[in-house]
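Read off the chains here:
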Amino acid sequence: MDSILFSGGVQRRVSSKNWHSEIIAGGYRAVIFDCDGTLVDSSETHFKSFQAAVRAQGYDLNRRWYAHRTGLDRQSLLSAFSADVSGPFDVHLATRQSIDAFISTATEVSPIVATVELVQTIGQSHPLAVGTNAEVEVATASLQAINLLGYFDLVVSVSDDLPAKPAPDIFTRAIQKLGFPAAKTLVIEDSAEGVRAAVAAGSDVFQVIHC
């Protein structure tokens, strides 16, 4: 798996086989991982959970429409859906139902091997956190499903009353809790929104590239 390292305004391609050596050479003291699309492949499980929630209100979810908005947090995505339909749509109800639907099927997610192997490699030497636009119960269910939750010191999410990425607040909070300067805290992400959030928080970031 390839990635792009964003560091000091410069971008360069880095293979996943070199992630560990880059972390050591860069002097990073802590690492923050995004969850969906970075640690777990959960795209289909999320789609089905959103689909179930909108169908409960008599609507259908177009897969292409959804695919263009997968970087959004749940509230923003469902609010966008509400704005695009002609009839009434209860965003709050759909939010709760989609969360419940995801948690009930979280065992369907699968690990992203390269990032999971990195977690297992550096878990004993570096404090680790998850910073995610997902709700804490959703992220926790995903990490438990792939037996990875125990590697992380904390999970910071929109459940902490923080604005979603691309705002930097989720990463800023995680950096503060891990206790190292932002410049010494590496972020690993997959979305453009997450990369912007990490850079705004003052951290270098690996953006995972899915082939």
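As shown above, the structure is provided for reference.
Colleague: Requested: an account of the sheet that holds strand β3 (residues 30-33), with residues and values cited.
Modeller: In spatial order, the strands read β2-β1-β9-β8-β3-β6-β7; together these 7 strands make up an open sheet with mixed pairing. Of all the strands in the sheet, just β2 (10-15) and β7 (154-157) have a single pairing partner and so form its edges. The mean angle between the axes of side-by-side strands here comes to 25 degrees, regardless of whether they run parallel or antiparallel. By the bridge criterion, 3 bridges tie strand β8 (residues 185-189) to strand β9 (residues 205-209) in an arrangement that is parallel. If you follow Val187 over to β9, its bridge partner there is Val205. Relative to β7, helix α7 (residues 136-145) is tilted by about 140 degrees, and along the sheet it contacts β6 (128-132) and β7. Running at roughly 155 degrees to β7, helix α8 (residues 169-178) makes contact with β3, β6, β7 and β8 of the sheet.

Colleague: Could you give an account of the pattern of salt bridges, naming the residues involved and the relevant values?
Modeller: Under the criterion given, the structure shown has 9 salt bridges. Between Glu135 and Arg74 there is a salt bridge, with its nearest N and O atoms 3.0 Å apart. Pair noted here: Glu135 is in the loop between β6 and α7 and Arg74 is in helix α4 (residues 74-84), with a separation of 61 residues, a long-range link. The residues Glu135 and Arg74 share a single accessibility class, namely buried.

Colleague: Tell me about the side chain of Thr38, and name the residues and values.
Modeller: Along the chain, Thr38 falls in the loop between β3 and β4 (40-41). Among the polar contacts made by the side chain of Thr38, one reaches the side chain of Asp190 at a distance of 3.2 Å. If near-sequence neighbours (up to four positions away) are discounted, Thr38 is found in contact with Phe33, Ile112, Thr115, Ile188, Glu189 and Asp190.

Colleague: So what about helix α5 (residues 91-104)? Which residues, and what values?
Modeller: The end-to-end C-alpha separation of α5 is 20 Å, in line with the 20 Å expected for 14 residues at 1.5 Å each. Taken residue by residue, α5 has Val91, Ala94, Thr95, Ser98, Ile99, Ala101 and Phe102 as its buried positions. Relative to the axis of α5, the buried residues are bounded by an arc of 165 degrees and lie together on one face. The outward face of α5, more than 90 degrees from its buried face, is lined by the exposed residues His92 and Ser104.

Colleague: Describe the nonpolar core, naming the residues involved and giving the relevant values.
Modeller: By size, the foremost hydrophobic cluster in this structure holds 33 residues, and its most contacted members are Val31, Phe33, Leu39, Leu148, Phe152, Leu186 and Ile188. Mapped by element, the contributors of at least two residues to this core are α1 (19-25), β3, α5, α6 (113-122), β6, α7, β8 and β9. Broken down by element, the residue count for this core peaks at 5 residues, all from α6. Excluding anything up to four places from it in sequence, Phe152 contacts Phe33, Leu39, Val119, Leu128, Ala129, Val130 and Leu143.

Colleague: How would you sum up the environment of Phe47? Please name residues and give values.
Modeller: Structurally, the position occupied by Phe47 is in helix α2 (residues 43-55). On the basis of relative accessibility, which here comes to 3%, the residue Phe47 falls in the buried class. Expressed as a C-alpha distance, the spacing of Phe47 and Ala67, which sit 20 residues apart in the sequence, is 8.8 Å. Beyond its immediate sequence surroundings of up to four residues, Phe47 is in contact with Leu61, Asn62, Arg63 and Tyr66.

Thresholds, definitions, all that
Residues numbered from 1 in each chain as written. Predicted model: local features only at pLDDT ≥ 70, side-chain atom pairs only at ≥ 80, totals over all residues. Heavy atoms only, no water. Pairing = 2+ DSSP bridges. Helix = DSSP H or I, 4+ residues; strand = E, 2+ residues; numbered from the N terminus. Axes fitted to C-alpha atoms, helices over the stretch in contact; angles between N-to-C directions. Contact = heavy atoms within 4.5 Å. Salt bridge = Lys/Arg side-chain N within 4 Å of Asp/Glu carboxyl O. Buried < 20%, exposed > 50% of the residue type's maximum accessible area, 1.4 Å probe, protein only. Polar contact = N/O pair within 3.5 Å; in protein donor to acceptor, adjacent residues only side chain to side chain. Expected span 1.5 Å × (residues − 1). Arc of directions from axis to C-beta. Core = buried A, V, L, I, M, F, W, Y, C linked by side-chain atoms within 4.5 Å.

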